[in-house]
Amino acid sequence: MTSSFAIPPEDLFRQCDRRQFDFNDTAELDPLETVIGQERAVQAIDFGLNMKSAGYNIFVTGPVGTGKTTIVGDIVGQHARREQCPPDWILVNNFNDTYRPVAIAVPSGCAHELSRRMRKLVDDLRQALPKAFSDKDFQERQAALQKQFTQSQEAIFEALASKAAGRALRINRTKIGYQTIALKNDQPITKEDFENLPDDEQRELKENIRTFQDDIEAAETQSNKLAQEQQAQIEALMQEAALFLIRSRLNVVRQTFEGWPAIQAYLDAVQADMLENVHYFMPTREEGEGTGENSAEQQGGSHFKRYSINVLADRRRVQGAPVIFEPNPTYQNVFGHIEKRAYLGALKTDFTMVQAGSLLHANGGYLLMEVEAVMMNPMVWEALKRALQTKLLSIEDMASEMGYGVTSQRPEPIPLDVKVILLGSYPVFEKLQNFDSKFDKIFKVRADFDNEVDLTPETIQLYARFIARVAREEKLLPFDPDGVAAMVEYGQRFAANQQKLSLRFGPIVGVLKEADYWARRSEAKAVTGVHIQQALQKRRFRYNLYEEKMATSFEDGNVLLDVDGREIGQVNALAVYQMGDIAFGRPSRITAETFMGKSNLVSIEREADLSGRTHDKGVMILSGYLGRTFAQYHPLGLSISITFEQSYGPIDGDSASSTELYAILSSLADLPIHQGLAVTGSVNQKGEVQAIGGVNQKIEGYFDVCRKRGLNGRQGVLIPRANVKNLMLKKQVVDAVAAGQFQLYQVARITEGIEILTGIEAGQMDAEGRFPPDSVYGRVQHKLETFIERSRRLKRGFQAEAV
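The following paragraphs examine the structure supplied in this document. (Residues numbered from 1 in each chain as written. Predicted model: local features only at pLDDT ≥ 70, side-chain atom pairs only at ≥ 80, totals over all residues. Heavy atoms only, no water.)

All right, on to the overall build of the protein chain then. In terms of helices and strands, the protein chain carries 28 helices and 30 strands. For 803 residues, the compact-globule estimate of 2.2 N^0.38 gives 28 Å, and the protein chain exceeds it by more than 25% at 47 Å. Taken over 803 residues, the protein chain has a buried fraction of 47%. Residue pairs at least 24 apart in sequence account for 77% of intrachain contacts in the protein chain once pairs closer than 6 positions are excluded. (Helix = DSSP H or I, 4+ residues; strand = E, 2+ residues; numbered from the N terminus. Rg over C-alpha atoms; globule rule 2.2 N^0.38 Å. Buried < 20%, exposed > 50% of the residue type's maximum accessible area, 1.4 Å probe, protein only. Contact = heavy atoms within 4.5 Å.)

And the structure:
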């Protein structure tokens, strides 16, 4: 009866045919330049890259290890190289408002050259202007202006002195103004002479001096006006002399950047400011006393920083559009920041200390970031959405952004044209889509990366070329056909499907590197299948200490588990444990007890708060199946208690629900179950056994326990029929099945499984709702009817006692 459900050995592992590889080793192959099996994702990325409308930024989802970061980077890089390189960006002084520097677009690759030219221009003017002001012609013209001013000042003084003489006064010029002296007989009146004068004469002299002050003030006003005119004329003379030098040098720069209005406007502003502040270029006494160029720079350089150019984005070495991957998307790294320096106990900054972030470096191109890292950094997500929506980038001081009153620079916003590509998992995408109202408006393109591809002759050859690419890039030994075939088989097992190949290239590359290590240790010239298996075995040995500890607990009897004999209401279940990079199976005993009572199914794990929601759902489904099968004509009228024996931690998942049902049916039918058989598989209310995950690890985990206790040919595992295609078992298991030492069975319904476990037919319900008495379900039906009859007798007895 069980032979029809047995899985033949050839279905336990799909071997890769080595004969399909027509090469001696992968060094003969062309390295893979395309993407394996990600057509949907590649098309979505291509669409997003070519869609120029606003909001078509890209969100890439997919499992970890599928190589999506590398693949997306390659696709975006190839696309970007075909595009035109965007302009550079510089930040320059705003001569009208030094706290609001201006960002200017510069022809691609020319920002550094413009900065160098402006620096050289200032250095030239610092040498040329003092020489021009020392020129003989300039000195003569300046002397003429000075002479004219001196003559005018003398004329004013002579006129004032003449008026004073008519009033019997004398005027003396001092450093602080004019001094008025009264005269008598053309001689100054001393203090003693003044005190000896009659009072009326004293009053007359005082009044004379007081009224003459108006003439003095008028003369002083006229003199000051002349001084201002002279200063204006000297400044005009200096500007006239400087204009030729400044304009001639700036014109060279103007011609280079003709056709860029913003640069031309900036150069005009520089010229006007230099002419207005031409005195900055005159050497000071400190500079004259300094030694060397550095001293001059230290003494006068602060004035000329206003003409510096802060290169924010330099694309001299960029071919095509820029592609930037930001591994640490902090606010400063993404949007830029404003540096400060300590000066006399305070913090100072200027426009030259503004630093660009990755968003500006990628302006005109593409910015890649991992969304989990973005969400880990405060303020980045909201600021990123704001920048993409407004198409403006603001480089702001973090302290000001957080509300602290710190004086800082506020550069004018920069026009932003960038395509942002976020990489992350689907759960993050789902949360953003559901809870962020702006997300769908900004990231309209989603690219999903798959973790597997169909196993076909074409994908196998692509796998071989991928291995050739890794070997070349990582400088590994070449892989022979046997080594490539072993990696294909590993890809199938990693995908847990005979008809699929895993696309999680991260772990696959790790195996390739480790196999190369063991091949070199053995001084081999190529990596073979033996080295692949050695790498896998050594890796498992490094990580499976916990697995071995658990296996020891079965050997020494600390954990009770029967792998032979028969027991009622007891079945061996299988679970998968994930410990970092390694997953392994572990058997456990499930027991069920049935007894009279109200319809109630008690899961001890649920009552003890040790079970998850999925496990609780699986348990509740059992009630539906029992009611559907046995309670069509009368209530169940029983209580059931089920538990995982010696399980003290949390459990979840429904893969043991069929196992629990088998234990219940065994208890109700009073039929023992073969303890050498373990079971896995979930069940629905109609009794159909459903596929589960980790089938290979579960079978191998139970096989190891049975092998250590001794294989007897009666041990085996029942799995869902839907999981047969997922079998990629290790060679020991396949050989044991082929030798008849271990059995694997496939079941599609509970009735099939219970027949294998008990050796008795489940039974078919007839038209009257009865099962054959000797069948499993007939015995269950009989037990339930017995419970009901006992309940009725007890009820009648209680009623009789009450009367």
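Moving on, there is more to tell.
Next up on the list: the packing of aromatic side chains. The way to describe two aromatic rings as a pair is by their centre distance and the angle between their planes. The full count for this structure, using the stated rule, is 25 aromatic pairs. Centroid distance Trp381 to Phe439: 6.3 Å. Interplanar angle 35°. Geometry classified as tilted. Taken together, the residues span a long stretch of sequence, with Trp381 in helix α13 (residues 380–390) and Phe439 in helix α16 (residues 439–442) at a distance of 58 residues. Residues Trp381 and Phe439 agree in their burial class; the two are buried. Between Tyr463 and Phe505, the ring centres sit 6.4 Å apart and the planes meet at 45°, which makes this aromatic pair tilted. Of this pair, Tyr463 sits in helix α17 (residues 457–473) while Phe505 sits in helix α19 (residues 505–521), and the two are 42 residues apart along the sequence. We note Arg306 situated over the ring of Tyr307; from NZ or CZ to the ring centre the distance is 5.9 Å. (Phe/Tyr/Trp six-rings, centres within 6.5 Å; stacked < 30°, edge-to-face > 60°. Lys NZ or Arg CZ within 6 Å of the ring centre and 35° of its normal.)

The subject of this paragraph is the sheet that holds strand β2 (residues 88–92). Strands pair in a sheet through their backbones, by hydrogen bonds, and they do so in one of two ways: parallel or antiparallel. Read across the sheet, three strands follow the order β3-β2-β7 without closing on themselves; strand pairing throughout is antiparallel. Looking at which strands have only one partner, the edges of the open sheet turn out to be β3 (102–106) and β7 (309–313). Within the sheet, the average angular offset between the axes of one strand and its neighbour, ignoring direction, is 30°. With four bridges joining them, β2 and β7 adopt antiparallel strand pairing. Looking at β7, one finds that Val92 is bridged to Ile309. Running at roughly 170° to β7, helix α3 (residues 111–133) makes contact with β2, β3 and β7 of the sheet. With respect to the sheet, helix α7 (residues 261–276) is in contact with β2, β3 and β7, its orientation differing from that of β3 by roughly 130°. (Pairing = 2+ DSSP bridges. Axes fitted to C-alpha atoms, helices over the stretch in contact; angles between N-to-C directions.)

Attention shifts here to empty space enclosed by the protein. Enumeration according to the criterion identifies two cavities of 30 Å³ or more in this entry. One number sums up the size of the largest cavity: a volume of about 50 Å³. Contributing to the lining of the largest cavity are Phe554, Val559, Leu560, Leu561, Arg586, Pro587, Ser588, Arg589, Glu645 and Gln646. No other element matches the four residues that strand β22 (residues 582–596) contributes to the lining of the largest cavity. Looking at the lining of the largest cavity residue by residue, the class counts come to five nonpolar, two polar and three charged. The calculated volume of the second largest cavity comes to roughly 30 Å³. Forming the walls of the second largest cavity are Ala551, Phe554, Glu555, Val705, Lys708 and Arg709. Looking at the lining of the second largest cavity, the elements with two or more residues in it are α21 (545–555) and α25 (695–709). (1 Å grid on protein atoms, 1.4 Å probe; cavity = no way out; pocket = protein on both sides within 12 Å on 5 of 7 lines; lining within 4 Å. Points joined across faces, edges and corners; volume = space filled by probe spheres on them. Nonpolar A, V, L, I, M, F, W, Y, C, P; charged D, E, K, R; others polar.)

For helix α28 (residues 776–802), spanning 27 residues, the distance from its first C-alpha to its last is 39 Å, which sits close to the expected 39 Å at 1.5 Å a residue. Looking only at α28, the buried set comprises Val776, Tyr777, Gly778, Val780, Gln781, Lys783, Leu784, Phe787 and Ile788. In this structure, the buried residues of α28 make contact with β22, α23 (613–630), β24 (638–644), α24 (657–669) and α27 (750–758). (Expected span 1.5 Å × (residues − 1).)

Moving on, we get to the side chain of Asp436. With respect to the secondary-structure elements, Asp436 resides in the loop between α15 (426–435) and α16. The class for Asp436 is buried, based on a relative accessible area of 12%. A polar contact of 3.1 Å, which involves the side chain of Asp436, links it to the backbone nitrogen of Lys438. Residue contacts for Asp436: discarding those within four places in its chain leaves Trp381, Lys385 and Lys431. (Polar contact = N/O pair within 3.5 Å; in protein donor to acceptor, adjacent residues only side chain to side chain.)

This next bit is on the sheet that holds strand β16 (residues 419–424). Read from one edge of the open sheet, five strands run β8-β13-β16-β1-β17, paired in parallel fashion. Strands at the two margins of the open sheet, each flanked by one partner only, are β8 (323–326) and β17 (445–448). Taken over all neighbouring pairs, the strand axes of this sheet differ in orientation by 20° on average, direction set aside. Those strands touched by helix α1 (residues 39–50) are β1 (58–61), β13 (366–370), β16 and β17, and its axis lies near 155° from that of β17.

It is worth spelling out the pattern of salt bridges at this point. For the structure on display, the rule yields 37 salt bridges. Here Lys340 makes a salt bridge to Asp397, at a shortest N to O gap of 2.6 Å. Residue Lys340 is located in the loop between β9 (337–338) and β10 (341–343), and its partner Asp397 is located in the loop between β14 (392–393) and α14 (398–401); the two are separated by 57 residues in the primary sequence. Residue Lys340 is classed as partly exposed on the basis of its relative accessible area of 27%. Take Asp397: its relative accessible area is 7%, and that puts it in the buried class. (Salt bridge = Lys/Arg side-chain N within 4 Å of Asp/Glu carboxyl O.)

Attention shifts here to the environment of Ala592. Mapped onto the elements, Ala592 comes out in strand β22. Along the sequence, Ala592 and Ile640 sit 48 residues apart, while their C-alpha atoms lie 7.0 Å from each other. If we ignore the near neighbours within four places in the chain, the residues touching Ala592 are Gly569, Ser641, Ile642, Ala663, Ile664 and Ser667.

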